[in-house]
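Results of the structural survey
The primary structure of each chain is shown beneath.
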Amino acid sequence: MSRVLILGGTTEGRLLASACAGRPGVVTISSLAGRTSDPLIPAGELRIGGFGGVAGLVAYLRAERIDAVVDATHTFARRMTGHAVEACAAVGVPLLILRRPGWTEQPGDTWHRVPSIDAAAELLPGLGERIFLTTGRQEIAAFAHLDRLWFLARSVEPPEPPMPHRLEVLLDRGPFTVEGELSRLAEHRIDVLVTKDSGGAAAKLAAARARSIPVVLVDRPAPPPVPTVATVAEAVEWLRTAIDVPAGNGTPESRR
Ligand code: NAP
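I will try to describe carefully the structure that is included in this document. Small disclaimer: the values here were computed from a predicted structure and weren't measured.

**Describing the site of the ligand**
Around the ligand, the surrounding shell holds 23 residues, and the nearest of these are Gly8, Ser31, Phe51, Met80 and Lys196. Take Met80: an N or O atom from its main chain is 2.8 Å from an oxygen atom of the ligand. Gln138 places a polar side-chain atom, nitrogen or oxygen, 3.2 Å from an oxygen atom of the ligand. Protein contacts shield 82% of the accessible area of the ligand, which totals 810 Å² for the unbound molecule. Taken together, the elements giving at least two residues each to the shell around the ligand come down to β2 (26-32) and α3 (78-91). Ranked by residue count, the leading element in the shell around the ligand is α3, at four residues. For the shell around the ligand, the class distribution of residues is six nonpolar, 12 polar and five charged.

This is the structure we're talking about:
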């Protein structure tokens, strides 16, 4: 039986667990950080909470006899990814990164690409006054000092101080529709959208384009030098070669 650790917290992580579920010869253990109180539960086994740094992850990989790791964390979860790279190298466990591609500017877009959340905050006062923040609650503190701007911040869990003085919080979890995003922009008279370059469904970007609203887009961290794929199907294919996960008909090509 091959044991695959999926570092999750994303749609892709859940879809990969579902794609592996029921395949003979493989067990998936999805790992969530435990940031959300009501997480969407993936198929297969589940563990929740940090490992305790690189040393903790090394110990976990050994104790649980993990055969392969797929890092399907969010592109901006750079600490977890760094730990996975180090720990897998130390234990000699194959590691794949499953990451959806970033977004590409289209005609009609006015994008300002910035290297960090702090750079996004620095740029805002020159761009508008009513800001739609979709960077996640962990990033809201970077905007706390911008007293003259008004913010609508959308997140799954409530943010914690420090927060901007003029702030409305919208607790919501996607998927979102273009129509919904258009009404949100209109209702709150938004004049700038701030997002990380997360990739995937982009209703908010389509809505901003339609309303000619500028977007401040935080660039992704540099990808680590590890095999990387963009789709769940490619990840399943990688697992087939890395640890003999059977194809769809349940028959392994060979057995170790
Ligand atoms: P991070 O800064 O890279 O990680 C901080 C610490 O949280 C890690 O060192 C690890 O603790 C723990 N951790 C993170 N992901 C974990 C996982 N999947 N399983 C077990 N422990 C995990 O991570 P983050 O940006 O806070 O993201 C946390 C989770 O939210 C991730 O699962 C990520 O996929 C998801 N998420 C993040 C974003 C984002 O914008 N950053 C957006 C959507 C979803 P130890 O050192 O103790 O092991």
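What follows picks up the thread again.
**Details of the packing of aromatic side chains**
If you walk through the whole model with that rule in mind, you get two aromatic pairs. Their ring planes at 65° and their centres at 5.1 Å tell us that Phe51 and Tyr60 sit as a pair that is edge-to-face. Here Phe51 matches Tyr60 in class, with each residue buried. Consider the rings of Phe143 and Phe151, whose centres lie 5.9 Å apart with planes at 55°: the pair is tilted. Judged on exposure class, the residue Phe143 and its partner Phe151 are both buried. One cation-aromatic arrangement involves Arg130 over Trp150; the distance from NZ or CZ to the ring centre is 4.0 Å.

**Comments concerning a nonpolar patch on the surface**
A contiguous nonpolar patch, built from Ile41, Leu46 and Ile48 and spanning about 270 Å² of accessible area, is present on the exposed surface. With respect to the helices, strands and loops of the structure, Leu46 is situated in strand β3 (residues 45-48).

**Digging into the pairing of strand β1 (residues 2-7)**
Each regular strand carries side chains that alternate between the two faces of the sheet. With respect to burial, β1 is a largely interior element, six of its six residues being buried. Of the two faces of β1, the one lined by Ser2, Val4 and Ile6 and the one lined by Arg3, Leu5 and Leu7 are each fully buried. In the sheet, β1 pairs with β2 via six bridges, with the strands oriented parallel. Paired with Val4 across the bridge in β2 is Thr28. As defined by bridge partners, β1 adjoins strand β4 (residues 68-71) across four bridges and the pair is classed as parallel. The residue bridging Leu5 from the neighbouring strand is Val69, located in β4.

**Some details on the nonpolar core**
Core analysis: the largest hydrophobic core is formed by 20 residues, its most contacted members being Leu124, Ile131, Leu133, Phe143, Phe151 and Val194. Every element with two or more residues in this core is listed here: α4 (117-123), β7 (130-133), β8 (150-155), β10 (192-196) and β11 (215-218). At four residues, the largest contribution of residues to this core is made by α4. The residues touching Leu133, leaving out its near neighbours within four places in the chain, are Ile140, Phe143, Phe151, Leu152, Ala153, Arg154 and Val194.

Calculation notes
The residue numbers shown here count from 1 along each chain, following its written sequence. Reporting in this predicted model follows two pLDDT cut-offs: at least 70 for local features of residues, and 80 or more for side-chain atom pairs to be given and counted; totals over whole chains, interfaces and linings ignore these cut-offs and use all residues. Side-chain numbers come from the whole structure's heavy atoms, not from hydrogens or water. The rule for a residue being near a molecule or strand is that one of its heavy atoms must lie within 4 Å of it. Here a polar contact is recorded for every N or O atom pair within 3.5 Å, except that within protein the pair must consist of a potential hydrogen donor and a potential acceptor, and residues adjacent in sequence are included only if both atoms are side-chain atoms. Residue exposure ignores everything except the shown protein chains as possible cover, and the areas themselves are Shrake-Rupley values with a 1.4 Å probe. Helix numbering and strand numbering both begin at the N terminus, where a helix is a DSSP run of H or I of at least 4 residues and a strand a DSSP run of E of at least 2. Any residue outside Ala, Val, Leu, Ile, Met, Phe, Trp, Tyr, Cys, Pro, Asp, Glu, Lys and Arg is labelled polar, Gly included; the first ten of those are nonpolar and the last four are charged. Ring pairs shown here join Phe, Tyr and Trp side chains whose ring centres sit within 6.5 Å, with only the six-membered ring taken for Trp; geometry is labelled stacked below 30 degrees between planes, edge-to-face above 60, and tilted in between. Relative accessibility under 20% of the residue-type maximum defines a buried residue, over 50% an exposed one, and the middle range a partly exposed one, all with a 1.4 Å probe and only protein chains included. In this scheme, the term charge over a ring applies when either NZ of a lysine or CZ of an arginine sits within 6 Å of the ring centre and within 35 degrees of the ring normal. Patch criteria: residues need more than 30% relative accessible area and no salt bridge. Like-charged residues are merged within 9 Å; nonpolar side chains of Val, Leu, Ile, Met, Phe, Trp and Tyr are merged within 5 Å. Counted as salt bridges are all cases of a side-chain nitrogen of Lys or Arg within 4 Å of a carboxyl oxygen of Asp or Glu. Two strands qualify as a pair provided DSSP detects at least 2 bridges between them. Each nonpolar core is a collection of buried residues, namely Ala, Val, Leu, Ile, Met, Phe, Trp, Tyr and Cys, held together in the definition by side-chain atoms within 4.5 Å. Any two residues whose heavy atoms approach within 4.5 Å are treated as being in contact.

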